[in-house]
Amino acid sequence: MRYAETGYNLEIDLTLGNIERVETDPRDTELYLGGLGTNAKIMWERVPPETEPFSPDNLLIVSAGLLCGTPATGCNRTIVTTISPQTRLLAFSMMGGFFAPELKYAGYDKVILRGKSSSLVYIYIHNDQVEIRDAAHLKGKGAVETAGLIKKELKEPNAQVAAIGLAGENRVFFASIEQGRSSASRGGIGAVMGDKGVKAIVVRGTKDINVARPAEFMELCNEVMKYIQFRNENPIPNVMPILAGLGSPQEMMVHDEKWHTENFMWGNSRVRRKDFWNDEIAANWMKTLESARTRLISCYNCPMKCGATISLPGLPAYMMKCFSKLTYTMGAFSDLEFGLRIAQRATEYGVDGFSTPQVMAFALELYQEGILTDQDMPGLPEGNEERFYWLLDKIVRREGIGNILANGTYWAAQEIGKGADKFAHNNIKKHEQLPLKLSMLNPIYFLMYCTGEKINITQIEGQFPQAPFLTREEREEFVKDWFQVPDDHFKQIFLDWEPRGEKSMPFYPTVQMCCDIVDWQERMHYIDDALGMCAGLSSFPLKPPYHIHNYPKFISAGAGIDMDEEKLAQAARRYRTLVRAINIGRGMRRKDDRPPENHWKKRFPELEKELLDTYYKFKGWNADGIPTLVSLHELGLDYVGEEFLKRGIYSDSPDEASADAMANKVQKSMKGDVS
Amino acid sequence: MTGERKTKKVKTIKINVDKCNGCRACEVICSAFHAAPKYSSNNPARSRIRVIRDPLADIYVPIYAGDHAVAECAGRDKYTIDGKEYDECSFCRASCPSRSEFKEPDSGLPLKCDMCEGEEEPLCVKWCMVDALTYEEREEEVEEGADREELEIGLEALAAKYGVKTLQNTLARLSKKA
């Protein structure tokens, strides 16, 4: 019997209309866990670097995490993996909500879509019964609206629906997949779904998910619940309120937005409004949120209330979470009422709440600068808010200038020319980033921005405080019950970390310490993405209920895989490296590992070089950021090394001497002469 | 005839729909607890509590499985409360032919809440960290006699219809079966 996982994937060829239920190899689960881990393995094997994002050969993998469907609190994430049309690299956006457990109960770990349907369809999965159904009547419908219509026509109110809106249908490079209160937004995966002609994936499941050692597993669950309760009652002092508790930043709950509105950038991530927040705005915004917010809501099996139902007069209700509360508001220099209103339309269209407002603000900046003119934007209304609606409508329909903007700021700037690239200033690897511009380089964040292959800072940061605490006493208090650290040397680093003086940024934490911190933080995110755990209860907040010490026990008792901390760390390293390998195959190199030029005002080129050099070595990558043959071998990824050699990946970048020996060995083994 | 006064324990789960966050943790733990062996599997479709949800309409009603009804009701009720229209059967606890709730997904056999017999409190309450579900036990005085009186009236009616002899035989057969 398979535990925690179902042991089956659903393979759907949309070109042929073929549906297969395929048993998976349990050894892959041991090596790559599940979710992102096994997704990466499939992508490596089946989507070679030549594959275009909009090729029928690109896969769209919608996967539940390994522990989704078990009673582990907050384990509900769906990991969607494909090649992004925007970055042209691996995209692995995730969504919470209710989809992943339902998929497990239907009897599948993943839905793997390949090919392209000639007409718009939706996929209906009801346990063993799987159908590709006509979706002509849903063309152009909103993502939320679509979910409602499908549930009604199937008479299945308990089905979970992941759908795209107009943006996905029209292959907008930042189109999302919307699912109830959640969405998989980053990287334009909704565009790939639209390219495949799939309007929605609908799932209803009524089968069992088994756990290997029930009593042990339940005890672990109960401990986690107790700790969540403790953390809810004991927020962390000395950090800003949104970092004090568990869950995603509690944007739907909080009213005080002084910190975001005064520290994050407005418009196209340009303008800081240092004295923006005042009593009048506070009162207005509070009134707006109080009247629009019907209820704080949760994902499957989680007590944190990170989302909300938003219902504004004259508009259909929708569900919102996290920072999309402010992105439109700040992009358009408007107020919260506007932000919540346009987000309703954006949610129906199915677009990413981070990229979209920046793309629109970018267009308006270009217009102000005369790079885009009235000829490019005929009919552009007066007023920022009206312009935002106008641009949104153009983008999701790919009409006129919208057709260019729909590719995101990087590609749009290339196409527009005339110096527009200077305005696409907030990207990493062609992907729009949080609107944040800071003063002094933070060496930990430098490494995370450079090498985080989810290309989103919130998807790599979390376990280590963002800034030093002011006094030694505060630090001592903090480390007292900080048992989540992999080992005690992290406590010492934090204890010695001063706001100024010798042991302050950018030269403290030291380069080596930064490597350790970044590696730990990243590892926790990667483990979450394989298990399907919400980052809000694990890798994102300080002192979370899930950590490197209890995760091996959850996997052992849940999935019946003999697991310990070292083995888990090694597995995470394995598929993390595989993600890198896929991107390396697609041309990503050291030159791409850098933050937006203007992210920090005070930069330290020598230190930055040393940071990257040291971190690459630490990760087992060569000076160009390519995993070495030695490190690939250690991770059991010789098949990657073989492919790299075959493709001459190393030939452009001088590899260290030790790799030559490995190369010989690998080449021998390729000839069947295994030593 | 006056009945004997006795106390009985009444177990109540108080449901505050205003506090429900719709997470369905109650369904998760219910199905796990009632799995055999205990906690060995999980499947909300087997749960004896269901959250009737319609998030966009802001409807969240946790409902416990009550008795099985062999036949559907003759009519259905639709409630509107605070402007929210609840689907028919939203508040009904019965497993019955008209709905899929509260039936084993494989066999179709009816499910019924047993208040997690043997546990300190029903586990759905324990797992409801937002306090939409709370547990209360209270003692209630009941007149045992009143029940006997009702029974006697019923038996009298049956005796009149079938004859005392048939009734006696049937009772004897039933008690053997039990």
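Residues numbered from 1 in each chain as written. Chains lettered and ligands numbered in written order. Predicted model: local features only at pLDDT ≥ 70, side-chain atom pairs only at ≥ 80, totals over all residues. Heavy atoms only, no water.

Caption draft 1: Local environment of the overall build of chain A. Scanning chain A from N- to C-terminus turns up 26 helices and 20 strands. In terms of C-alpha radius of gyration, chain A reaches 24 Å, essentially the compact-globule figure of 26 Å for 675 residues. Expressed as lengths along the three principal axes of its C-alpha atoms, the size of chain A is roughly 70 × 65 × 55 Å. The buried share of chain A, reckoned over its 675 residues, is 64%. Across chain A, every contact between residues at least 6 apart in sequence was considered, and the portion connecting residues at least 24 apart equals 69%. Positive and negative charge centroids in chain A, built from 80 and 90 side chains respectively, lie 2 Å apart. (Helix = DSSP H or I, 4+ residues; strand = E, 2+ residues; numbered from the N terminus. Rg over C-alpha atoms; globule rule 2.2 N^0.38 Å. Buried < 20%, exposed > 50% of the residue type's maximum accessible area, 1.4 Å probe, protein only. Contact = heavy atoms within 4.5 Å. Lys, Arg positive; Asp, Glu negative; His and termini not counted. Charge placed at Lys NZ, Arg CZ, Asp CG, Glu CD.)

Caption draft 2: How the structure looks around the domain arrangement of chain A. Residues and elements named next belong to chain A. Taken domain by domain, chain A consists of domain 1 (8–204), domain 2 (238–432) and domain 3 (438–627). Of note, the centres of domain 2 and domain 3, computed from C-alpha atoms alone, are 28 Å apart. A salt bridge links K429 to D593; the shortest N-O distance between them is 3.0 Å. Partitioned by chemical class, the residues of the side of domain 2 that touches domain 3 number eight nonpolar, eight polar and one charged. (Domains from an automatic or database assignment. Salt bridge = Lys/Arg side-chain N within 4 Å of Asp/Glu carboxyl O. Nonpolar A, V, L, I, M, F, W, Y, C, P; charged D, E, K, R; others polar.)

Caption draft 3: Spatial organisation of the domain arrangement of chain B. Considered domain by domain, chain B is made up of domain 1 (7–142) and domain 2 (145–177). Placing a centre on the C-alpha atoms of domain 1 of chain B and another on those of domain 2 of chain B gives a separation of 35 Å.

Caption draft 4: Structural view of the sheet that holds strand β5 (residues 90–95) of chain A. Residues and elements named next belong to chain A. Taken together, six strands build an open sheet; the order of strands is β2-β1-β6-β3-β4-β5 and the sheet is mixed. At either end of the open sheet lies a strand with only one pairing partner, and these are β2 (18–23) and β5. The sheet shows a mean angle of 15 degrees between the axes of neighbouring strands, taken without regard to direction. Pairing analysis gives four bridges linking strand β3 (residues 60–64) to strand β4 (residues 78–83), with the strands arranged antiparallel. When the sheet's bridge partners are listed, I61 is paired in β4 with T81. (Pairing = 2+ DSSP bridges. Axes fitted to C-alpha atoms, helices over the stretch in contact; angles between N-to-C directions.)

Caption draft 5: The packing of aromatic side chains, seen in detail. Residue and element names in this part refer to chain A. Under the counting rule described, the total for this entry stands at 43 aromatic pairs over all chains. Arranged with centres 4.6 Å apart and planes meeting at 55 degrees, the rings of W266 and F276 form a pair that is tilted. Taken together, the residues W266 in the loop between α9 (258–263) and α10 (279–292) and F276 in the loop between α9 and α10 connect sequence positions 10 residues apart. For W266, a relative accessible area of 0% puts it in the buried group. F276 sits in the buried class, given a relative accessible area of 13%. Geometrically, the ring pair formed by W482 and F494 is edge-to-face, given 5.9 Å between the ring centres and 75 degrees between the ring planes. Of the two residues, W482 is situated in the loop between α18 (472–480) and α19 (489–496) and F494 in helix α19; the sequence distance between them amounts to 12 residues. A residue is classified by how much of its surface remains accessible, and W482, at 0% relative accessible area, is buried. Ring pairs connect the aromatic residues F464, F469, F478, W482, F490, F494, W497 and W520, which therefore count as one cluster. (Phe/Tyr/Trp six-rings, centres within 6.5 Å; stacked < 30°, edge-to-face > 60°.)

Caption draft 6: Molecular detail of the interface of chain B and chain A. With 33 residues of chain B at the interface, the matching set in chain A holds 38 residues. Both sides together, the interface formed by chain B and chain A hides about 2,800 Å², and carbon and sulfur atoms give 56% of it. Sorting the residues of chain B by area buried against chain A places L56(B), W127(B) and M129(B) first, and these three jointly supply 25% of that buried surface. Linking chain B with chain A are two salt bridges, by the criterion used here. Inspection of the chain B/chain A interface yields 13 residue pairs in polar contact (both at pLDDT 80 or more). Per-element accounting of the side of chain B that touches chain A gives the leading share, four residues, to helix α1 (residues 25–33) of chain B. The class makeup of the residues in the side of chain B that touches chain A is 17 nonpolar, six polar and 10 charged. (Buried area = accessible area lost by both parts, 1.4 Å probe. Polar contact = N/O pair within 3.5 Å; in protein donor to acceptor, adjacent residues only side chain to side chain.)

Caption draft 7: The packing of helix α20 (residues 511–531) of chain A against helix α23 (residues 605–619) of chain A, seen in detail. All names here are of chain A. Here α20 crosses α23 at 55 degrees, and the two axes come no closer than 9 Å. It follows that α20 is oblique to α23 by the angle criterion. Handedness of the α20/α23 crossing: right-handed. Seen from α20, the contacting residues are V511, Q512, C514, C515, D516, V518, D519 and E522; seen from α23, they are L607, E610, L611, T614, Y615, F618 and K619. Taken together, the residues of the contact of α20 with α23 sort by class into eight nonpolar, two polar and five charged. (Parallel < 35°, antiparallel > 145°, perpendicular 65-115°, else oblique. Left-handed = near helix turned anticlockwise from the far one by under 90°.)

Caption draft 8: Local environment of a positive patch on the surface. On the surface, R272(A), K274(A), K601(A) and K602(A) cluster together into a positively charged patch. Within the secondary structure, K601(A) sits in strand β20 (residues 600–602). (Patch = residues over 30% accessible without salt bridge, like charges linked within 9 Å, V, L, I, M, F, W, Y side chains within 5 Å. Areas by Shrake-Rupley, 256 points an atom, 1.4 Å probe, with all protein chains shown as cover.)

Caption draft 9: Quick look at the nonpolar core. If you look at the biggest cluster of nonpolar residues, it comprises 218 residues, and the most contacted ones within it are I125(A) and F644(A). The leading source of residues in this core is α20(A), at 11 residues. Judged by nonpolar contacts, the second largest core, of 18 residues, contains C20(B), Y60(B), C124(B) and V130(B). (Core = buried A, V, L, I, M, F, W, Y, C linked by side-chain atoms within 4.5 Å.)

Caption draft 10: Up close: the sheet that holds strand β15 (residues 307–310) of chain A. Residues and elements named next belong to chain A. Spatial ordering of the open sheet is given by β14-β15-β16, a layout of three strands whose pairing is antiparallel. The sheet is open, and its two edges are formed by β14 (293–297) and β16 (318–321), each paired on a single side. Adjacent strand axes in the sheet meet at a mean angle of 30 degrees when their direction is disregarded. Bridging between β14 and β15 involves four bridges; their strand directions are antiparallel. Bridge assignment links L296 to a residue of β15, and that residue is A308. Sitting on the sheet, α10 is in contact with β14 and β15, with an inclination near 75 degrees to β14.

Caption draft 11: Quick peek at a nonpolar patch on the surface. Residues and elements named next belong to chain B. A grouping of Y79, I81 and F91 is seen on the molecular surface, where their side chains present a nonpolar patch of about 270 Å² in accessible area. Among the secondary structure elements, Y79 is positioned in strand β5 (residues 79–81). On the basis of relative accessible area, Y79 is assigned to the partly exposed category, the value being 42%.

Caption draft 12: Highlighting the side chain of T577(A). All names here are of chain A. Here T577 is to be found in helix α22 (residues 565–585). A relative accessible area of 3% places T577 in the buried class. Not counting the four nearest positions on each side in its chain, T577 is found in contact with P627, L632, L635 and L637.

Caption draft 13: Here's a closer look at the side chain of S55(A). As for its position among the elements, S55(A) is in the loop between α2 (36–46) and β3. Apart from the residues within four sequence positions on either side, S55(A) is in contact with K116(A), D195(A) and K196(A).

Caption draft 14: Spotlight on the pattern of salt bridges. A full pass over the atoms with the stated rule returns 68 salt bridges over all chains. Note that K646(A) and E643(A) form a salt bridge whose closest N and O atoms lie 3.8 Å from each other. Here K646(A) pairs with E643(A), and both are found in helix α25 (residues 638–646), just three residues apart, close to one helical turn. A relative accessible area of 23% places E643(A) in the partly exposed class. Taking the shortest distance from any N to any O, the salt bridge between E117(B) and K11(B) comes out at 3.8 Å. A residue pair is termed long-range when its members are at least 10 positions apart, and E117(B) in the loop between β6 (84–86) and α2 (123–127) and K11(B) in strand β1 (residues 5–15) qualify at 106 residues.

Caption draft 15: Up close: the state of the cysteines. All names here are of chain A. With the rule as written, the count across this model stands at zero disulfides over all chains. In this structure C75 is not part of a disulfide, and its nearest cysteine sulfur, from C68, lies 4.1 Å away. Given the relative accessible area of 1%, C75 is considered buried. Considering cysteine sulfurs only, C302 is the nearest to C306, which forms no disulfide, with 6.1 Å between them. (Disulfide = S-S within 2.5 Å.)

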